[in-house]
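This is what each chain is made of:
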Amino acid sequence: MSLIATVGPTGGVKNRLNIVDFVKNEKFFTLYVRSLELLQAKEQHDYSSFFQLAGIHGLPFTEWAKERPSMNLYKAGYCTHGQVLFPTWHRTYLSVFEQILQGAAIEVAKQFTSNQTDWVQAAQDLRQPYWDWGFELMPPDEVIKNEEVNITNYDGKKISVKNPILRYHFHPIDPSFKPYGDFATWRTTVRNPDRNRREDIPGLIKKMRLEEGQIREKTYNMLKFNDAWERFSNHGISDDQHANSLESVHDDIHVMVGYGKIEGHMDHPFFAAFDPIFWLHHTNVDRLLSLWKAINPDVWVTSGRNRDGTMGIAPNAQINSETPLEPFYQSEDKVWTSASLADTARLGYSYPDFDKLVGGTKELIRDAIDDLIDERYGSKPSSGARNTAFDLLADFKGITKEHKEDLKMYDWTIHVAFKKFELKESFSLLFYFASDGGDYDQENCFVGSINAFRGTTPETCANCQDNENLIQEGFIHLNHYLARDLESFEPQDVHKFLKEKGLSYKLYSREDKSLTSLSVKIEGRPLHLPPGEHRPKYDHTQARVVFDDVAVHVIN
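The shown structure was predicted, so the numbers you read here are calculated from the model rather than taken from an experiment.

Calculation rules
Residues numbered from 1 in each chain as written. Predicted model: local features only at pLDDT ≥ 70, side-chain atom pairs only at ≥ 80, totals over all residues. Heavy atoms only, no water. Helix = DSSP H or I, 4+ residues; strand = E, 2+ residues; numbered from the N terminus. Rg over C-alpha atoms; globule rule 2.2 N^0.38 Å. Buried < 20%, exposed > 50% of the residue type's maximum accessible area, 1.4 Å probe, protein only. Contact = heavy atoms within 4.5 Å. Areas by Shrake-Rupley, 256 points an atom, 1.4 Å probe, with all protein chains shown as cover. Lys, Arg positive; Asp, Glu negative; His and termini not counted. Charge placed at Lys NZ, Arg CZ, Asp CG, Glu CD. 1 Å grid on protein atoms, 1.4 Å probe; cavity = no way out; pocket = protein on both sides within 12 Å on 5 of 7 lines; lining within 4 Å. Points joined across faces, edges and corners; volume = space filled by probe spheres on them. Nonpolar A, V, L, I, M, F, W, Y, C, P; charged D, E, K, R; others polar. Phe/Tyr/Trp six-rings, centres within 6.5 Å; stacked < 30°, edge-to-face > 60°. Lys NZ or Arg CZ within 6 Å of the ring centre and 35° of its normal. Salt bridge = Lys/Arg side-chain N within 4 Å of Asp/Glu carboxyl O.

K.L.:
Hey, could you run me through the overall build of the chain in this one?
P.N.:
Check the secondary structure of the chain and you find 15 helices and 17 strands. At 23 Å, the chain has a C-alpha radius of gyration in line with the 24 Å of a compact globule built from 556 residues. With respect to the principal axes defined by its C-alpha atoms, the chain has extents near 70 × 50 × 45 Å. In the chain, buried positions account for 62% of the 556 residues. Restricting to contacts in the chain with at least 6 residues of sequence separation, those with at least 24 account for 72%. Surface exposure of the chain reaches about 21,500 Å², of which carbon and sulfur atoms provide 48%. The averaged location of the 80 negative side-chain charges in the chain is 2 Å from the averaged location of its 63 positive side-chain charges.

K.L.:
I would appreciate a short explanation of empty space enclosed by the protein in the present structure.
P.N.:
Left-over empty space is what a probe sized like a water molecule reveals as it rolls over the atoms. A complete count under the given rule lists five cavities of 30 Å³ or more for this structure. As a volume, the second largest cavity reaches approximately 50 Å³. Looking at the second largest cavity, the residues that line it are Asn 244, Ser 248, Asp 251, Asp 252, Ile 450, Asn 451, Gln 472, Glu 473 and Gly 474. Looking at the lining of the second largest cavity, the elements that each hand over two or more residues are helix 9 (246–258), strand 11 (446–452) and strand 12 (471–477). Residues that form the lining of the second largest cavity fall into these classes: one nonpolar, five polar and three charged.

K.L.:
How do you make sense of the packing of aromatic side chains when you look at a structure like this?
P.N.:
Think of a pair of aromatic rings as described by two things: how far the centres are apart, and how the planes are tilted against each other in angle. Inspection of the entire model under this criterion finds 40 aromatic pairs. Ring centres of Phe 50 and Phe 97 lie 6.2 Å apart, and the angle between their planes is 80°; this geometry places the pair in the edge-to-face category. Highlighted residues: Phe 50 in helix 3 (residues 50–55) and Phe 97 in helix 4 (residues 86–109), separated in sequence by 47 residues. For the pair formed by Phe 50 and Phe 97, the shared burial category is buried. Ring centres of Trp 229 and Trp 292 lie 5.7 Å apart, and the angle between their planes is 65°; on these two criteria the pair is classed as edge-to-face. Taken together, the residues Trp 229 in helix 8 (residues 229–233) and Trp 292 in helix 10 (residues 277–295) connect sequence positions 63 residues apart. Take Trp 229 and Trp 292: they sit in the same class, and that class is buried. Across from the ring centre of Trp 119, 5.0 Å away, lies the NZ or CZ of Lys 27, which sits over that ring.

K.L.:
Can you walk me through unusual backbone geometry in this structure?
P.N.:
Note on backbone geometry: most residues besides glycine have negative phi, and most peptide bonds are trans. Of note, the amide linkage connecting Leu 59 to Pro 60 takes the cis form, showing an omega dihedral of 15°. Structurally, Pro 60 can be placed in the loop between helix 3 and helix 4. The linkage connecting Glu 326 with the following residue, Pro 327, adopts the cis geometry, with an omega of 5°. Note on placement: Pro 327 falls in the loop between strand 5 (318–319) and strand 6 (329–331). Phi at Asn 115 takes a positive value of approximately 55°, unusual for a residue other than glycine. Tracing the backbone through its elements, the reader meets Asn 115 in the loop between helix 4 and helix 5 (116–125). Phi at Asn 316 is positive, roughly 70°, even though this residue is not glycine.

K.L.:
How should I be thinking about the side chain of Ser 95 in this particular structure?
P.N.:
Summarising the element assignment, Ser 95 is placed in helix 4. Filtering out sequence-adjacent residues up to four positions away, Ser 95 remains in contact with Thr 6, Gly 8, Arg 16 and Leu 347.

K.L.:
Explanation requested: the pattern of salt bridges in the structure shown.
P.N.:
Enumeration according to the criterion identifies 28 salt bridges in this entry. One salt bridge in this structure joins Arg 68 and Glu 67, with 3.6 Å as the shortest N-O distance. A salt bridge links Lys 362 to Asp 298; the nearest nitrogen and oxygen atoms lie 2.7 Å apart. Residue Lys 362 is located in helix 11 (residues 362–377), and its partner Asp 298 is located in the loop between helix 10 and strand 4 (304–305); the two are separated by 64 residues in the primary sequence. Using a relative accessible area of 60% as the deciding quantity, one classes Asp 298 as exposed. Each of Arg 16, Arg 91, Glu 98 and Asp 286 takes part in salt bridges that share partners, so that together they form one network.

Without other data, these values stay purely geometric and don't point to any function.
See the structure below:
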């Protein structure tokens, strides 16, 4: 039985807003900052504290808001990764955070002596904002840079306060952190640390500028090319996959923000949710789930296996849409399941993408969101001098013009696969057009990255042995580079081009060992776009092209 029911915020269905717009709303931003201050200042044993809410995801591996402790708990966080419940478990997780955040906002609003009624209404309308990294990877300065932020004080005057979105201050560092090196000594969450264990924000901003184009392509392809739940939902390997899953792109953001020269909080599953940016990131993950559901209206959670044990689900258990999503309860003794979570209105929120579609048929909503994805994340036609490759790419993956012929092209990716549990911690594979393996300093030759987001304990390490052959995969999309520099997607041209460009990669990990299970191949998947269609299909009349002699591994 749960002491706190997950019911979502009060006040009806309201939009979660893009953080770019959210920071410009005086009342919302003020309430958000003050509410985070309130939750972060609470005693860490309080179930409604920021610490306890963040701790649901990973450490300290204790039950959350339970009336009675369970017996024989698996020592891990509640979070579900690498399995079909990844999107829906995190949906309920965000919802309980959002309802407690709004509760804090209502408390804050009542302290205003000027226009209190308006502030209370703003608190009722407040929802957790999202960071749309697929469209604009660089978040506002209030999220990534500013040590202080400007808000409205209770008397109506403007003041500057310490920024609670930038980092969380542990008070104290929890004893459960002791076995985890730097995490046991850092007094605050840290992003992109350097070798001296100091936060390197300029370095993080540089990474974001490099990765922005690739993250947008991954987001587009993830939404458009995964029409089955098992391919869309998680980063486990799946038959006929040629685009990243929602979880894989999610992994990229975690590791990008957290991992510098050493691990930071966001790139370790046990610590990630303590960084306030986690909640902006995962709200966008949930938004992308809503977009995907809109263009696949008849698809929802399918069955699978819980490959990596959690506190709520035993290792190797069979899971499906009726699996309890611990520790989230609709009422004291009725646990949430994925079957009830397709409609976000049940939890009191929506997204601006759906504002003009309320009450529409599923076909109308599908077509409108399909167009929105093209407009926001797709490839644009060439401008100026005509580039036939760019224009073909735009027809297939973006702003499509009406066409009467059956268009054909190869969709080119770097396809990476590896054993998820071979290394013990998160790591990155960075790809460059540089024969020496490249570096982030070589901006002009950076191609993209594949990131593994994971951590271990003695218990999960034992589970790793049970799942030692479990494969994770990821994709880096090459079409933009080929259209820009080669103007051809034909196999013989692509092979020659990539060899001449010196495509290479390096493994970045704190562990002094190689990733022996790693497979890196260049794949060309034949696609066709039938007349009048806007969603490309696999062309089964042609064979997939695979090159395994192109990408060169350079020892870091």
